[in-house]
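# A look at the structure
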Amino acid sequence: MTDQDRLTAIQAVVDRVTSWQDGATEGTVEDELRHGADEVGVDLSEDEVRRLADVIQDRHGAVSAAEVLAGD
């Protein structure tokens with residue numbers, strides 16, 4: 001899987017979680033990110049899961065996985 005393919009898959013997971021996360025606890029968001037990543041066959045580190053979950057919780061809107069994970 002190329003880096004771009006990985007990022008595209010992660011973005012799909014982030015979009016799905018973001019679409020329903022309003023009011024969900026951070027633990028739930030993290031669990032759903034892990035579950036979605038498993039479904040699409042992408043490994044996310046615990047740090048990546050936490051960073052994505054934090055941004056999803058803070059923004060309550062569109063989240064760019066590329067921006068959040070930049071520098072990895």
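Right above here is the structure, for reference.
Right, let's walk through the structure included here. (Residues numbered from 1 in each chain as written. Predicted model: local features only at pLDDT ≥ 70, side-chain atom pairs only at ≥ 80, totals over all residues. Heavy atoms only, no water.)

What follows deals with the side chain of Q57. Positionally, Q57 belongs in helix α3 (residues 46–59). The class for Q57 is buried, based on a relative accessible area of 18%. For Q57, the contacting residues outside a window of four places in its chain are Q21, A24, T25, E26 and V29. (Helix = DSSP H or I, 4+ residues; strand = E, 2+ residues; numbered from the N terminus. Buried < 20%, exposed > 50% of the residue type's maximum accessible area, 1.4 Å probe, protein only. Contact = heavy atoms within 4.5 Å.)

Let us now look at helix α2 (residues 26–40). For α2, built from 15 residues, the straight-helix expectation of 21 Å at 1.5 Å per residue is met to within 8% by its first-to-last C-alpha distance of 21 Å. Within α2, burial applies to V29, E30, L33, G36 and A37. Viewed along the axis of α2, the buried residues span an arc of 130°, placing them on a single side of the element. In this fold, the buried residues of α2 make contact with α1 (3–20) and α3. Following α2 by one or two positions, G41 has its phi on the positive side, about 75°. (Expected span 1.5 Å × (residues − 1). Arc of directions from axis to C-beta.)

A separate point is the environment of V63. Assignment of secondary structure puts V63 in the loop between α3 and α4 (65–69). Setting aside residues up to four positions removed in sequence, V63 forms contacts with Q11, V14, D15, T18, V55, I56 and V68.

What follows deals with the side chain of E48. Mapping E48 onto the fold places it in helix α3. At 2.8 Å, the side chain of E48 and the backbone nitrogen of S45 are in polar contact. (Polar contact = N/O pair within 3.5 Å; in protein donor to acceptor, adjacent residues only side chain to side chain.)

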